[in-house]
Amino acid sequence: ERIPATLIAGDGIGPDITASVTTVLDALGAPFEWDKQEAGLGAFEKEGTALPEKTLESIQRTGLVLKGPLTTPVGKGFRSINVTLRQKFDLYANVRPTQTLVPGGRYENVDLVVIRENVEGLYAAMEHYLPSGNDPQAVAYGAGYNTRTECNRIVRFAFEYALKNGRKKVTLVHKANILKILSGLFLEEGRRVAAEYEGRVAVEEKIVDACAMELVVKPEQYDVMVTTNLFGDILSDLTAGLVGGLGMAPGANIGETMGLFEAVHGSAPDIAGKGIANPLALMMAGSMMLAHVGRLDLSQRLDNAMKHIIEVDGIRTRDLGGSATTEDVTQALLRAIR
Ligand code: NAI
Ligand code: MG
């Protein structure tokens, strides 16, 4: 049975890495029927909008998206399409797994998942200036918000994720000692939800700064972590750095009925068009997409193939200290799958 899915190649290295991923997924027998759509700077230059109506309609229809990175111009231009998509389609959970795949790094046994609340918190960016004396911009004032409903929903998502994926522990990451209300509400709802899973999934609480330190010293102790938007943004880049960097970090944006799968990294303009980008981050996102539609068998085969080309074939793109091209990775994966 074919499953319609929206494919957005994106900007910069996007076309190279999406081509690699769809080639491998198709060879694997993935059930996706790609509906190619445009978004980002390329769409903006061609059609005058970075998020064409046709693309939105396709996403609405399929509820399933594989997306390459999109360039967001700094300053003038349009606002981040990534943030727009998350809010528009209520993609409230950002799932970012981190696993040691490349041996010989600093950490041999990292296997954790950061689950980041994706639509509220300090990303609300409710900011303005306050005057003082002659200076109309003397004070920068900023606020965010967390709702009880959303805190409950994201922590519940984390516990359900843990159950479904055979994980043992969920860590609630907060700053409720200082932000007693903003972060306190998250912790309060977190404890309430955790109580419902007692005996099935263990729970632990960590203050975000101490957590950052422990992630660097002993990341192996973490399993599933759940936290609010800005903390999750920062911690998930940190965890990517533990296992080889952005070329190895996938992300899934999940809503009640939709899923958008991407790499954590951006369009990498410095290496765009050179054919040397690491496609593995987006490849792992493709594997998450297979699991999302219930094809755990294919997801597992793809994960095994990735392990094989790294551990046995020793394939490394430039970001991992090697000289393999994007195409080398694609071909190695095709061989590993057969
Ligand atoms: P970036 O992630 O594109 O690049 C940072 C560094 O990592 C660069 O040196 C790049 O060459 C390297 N890198 C990233 N992905 C790689 C890969 N797959 N293989 C090998 N090396 C890789 O971050 P930057 O430069 O800050 O942003 C570039 C553009 O991407 C900006 O317009 C930004 O707004 C956008 N962006 C889009 C995201 C998305 O679509 N989800 C996420 C982050 C940034
Ligand atoms: Mg970020």
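Residues numbered from 1 in each chain as written. Chains lettered and ligands numbered in written order. Predicted model: local features only at pLDDT ≥ 70, side-chain atom pairs only at ≥ 80, totals over all residues.

## Quick notes on the overall build of the protein chain
In terms of helices and strands, the protein chain carries 11 helices and 12 strands. Here the C-alpha atoms of the protein chain give a radius of gyration of 20 Å, agreeing with the 20 Å that 2.2 N^0.38 yields for 338 residues. Across the 338 residues that make up the protein chain, the buried fraction comes to 46%. Considering only contacts within the protein chain whose residues lie at least 6 apart along the sequence, 73% involve residues at least 24 apart. (Helix = DSSP H or I, 4+ residues; strand = E, 2+ residues; numbered from the N terminus. Rg over C-alpha atoms; globule rule 2.2 N^0.38 Å. Buried ≥ 20, exposed ≤ 12 C-beta atoms within 10 Å, placed from the backbone. Contact = placed C-beta atoms within 7 Å.)

## Considerations on the sheet that holds strand β5 (residues 111-117)
The strand order across the open sheet formed by 10 strands is β2-β1-β3-β12-β11-β4-β5-β10-β8-β9, and the pairing between neighbours is mixed. Of all strands in the sheet, those bounded by a partner on one side alone are β2 (32-37) and β9 (202-207). Averaged over all neighbouring strand pairs, the angle between strand axes comes to 25°, with direction disregarded. The pairing of strand β8 (residues 169-174) with β9 spans six bridges and is classified as parallel. Of the residues in β9, the one forming a bridge with Thr 171 is Glu 204. Sheet contacts for helix α3 (residues 53-62): β1 (3-8), β2 and β3 (64-67); angle to β1, the most-contacted strand, approximately 150°. (Pairing = 2+ DSSP bridges. Axes fitted to C-alpha atoms, helices over the stretch in contact; angles between N-to-C directions.)

## Let's talk about unusual backbone geometry
A positive phi angle, near 50°, is found at Asp 90, a position not held by glycine. Judged by the 14 C-beta atoms lying within 10 Å of it, Asp 90 is partly exposed. Its identity is not glycine, yet Ala 268 carries a phi of approximately 45°, on the positive side. Secondary-structure assignment places Ala 268 in the loop between β12 (259-263) and α9 (280-292). Residue Ala 268 is classed as buried on the basis of its C-beta count, with 23 C-beta atoms lying within 10 Å.

## Comments concerning helix α1 (residues 14-28)
Counted at 1.5 Å a residue, the expected span for α1 with its 15 residues is 21 Å, and the 21 Å between its end C-alpha atoms agrees. Restricting attention to buried positions, one finds in α1 the residues Gly 14, Asp 16, Ile 17, Thr 18, Ser 20, Val 21, Thr 22, Val 24, Leu 25 and Leu 28. Lining the buried residues of α1 we find β1, β2, β3, α9, α10 (296-311) and α11 (326-337). Backbone geometry just after α1 places Gly 29 at a positive phi near 85°. (Expected span 1.5 Å × (residues − 1).)

## Let's talk about the environment of Leu 179
Topologically, Leu 179 is positioned in the loop between β8 and α6 (182-196). Classification of Leu 179 by C-beta neighbours within 10 Å gives partly exposed; the count is 18. As a C-alpha pair, Leu 179 and Gly 48 span 131 residues in sequence and 42 Å in three-dimensional space.

## Comments concerning the site of ligand 1
Lining the immediate environment of ligand 1, one finds 20 residues, of which Thr 72, His 265, Gly 266, Ala 268 and Asn 278 sit closest. Across the shell around ligand 1, the residue classes break down as nine nonpolar, eight polar and three charged. (Near = placed C-beta within 6 Å. Nonpolar A, V, L, I, M, F, W, Y, C, P; charged D, E, K, R; others polar.)

## Quick look at the pairing of β1
Within a regular strand, the side chains alternate between the two sheet faces. When β1 meets β2, the two strands line up parallel, connected through six bridges. Its bridge partner lying in β2, Leu 7 is registered against Lys 36. Crossover handedness for the path β1 to α1 to β2: right-handed. Judged from the three bridges that link them, β1 and β3 form a sheet pairing that is parallel. Bridge pairing links Ile 8 to Lys 67 in β3. (Right-handed = clockwise from strand over helix to strand, strands pointing away.)

## Side note on the domain arrangement of the protein chain
When its domains are assigned, the protein chain resolves into domain 1 (1-96 + 244-338) and domain 2 (111-242). Each of domain 1 and domain 2 has a C-alpha centre, and these two points are 25 Å apart. Each side of the interface is counted separately: domain 1 has 15 residues, and domain 2 has 15 residues. Those elements that place two or more of their residues in the side of domain 1 that touches domain 2 are α4 (81-88) and β4 (93-99). When residues in the side of domain 1 that touches domain 2 are grouped by element, the largest group, four residues, is from β4. A breakdown of the residues in the side of domain 1 that touches domain 2 according to their chemical character gives eight nonpolar, four polar and three charged. (Domains from an automatic or database assignment.)

## So, the pairing of β5
Of all seven residues in β5, six are buried, a share of seventy percent or more. Pairing of β4 with β5 involves seven bridges; the strand directions are antiparallel. Bridge pairing in β5 places Gln 99 opposite Asp 111. Two elements, β5 and strand β10 (residues 224-227), share four bridges in a ladder whose sense is parallel. Residue pairing for β10: Val 113 is matched across the bridge by Val 224.

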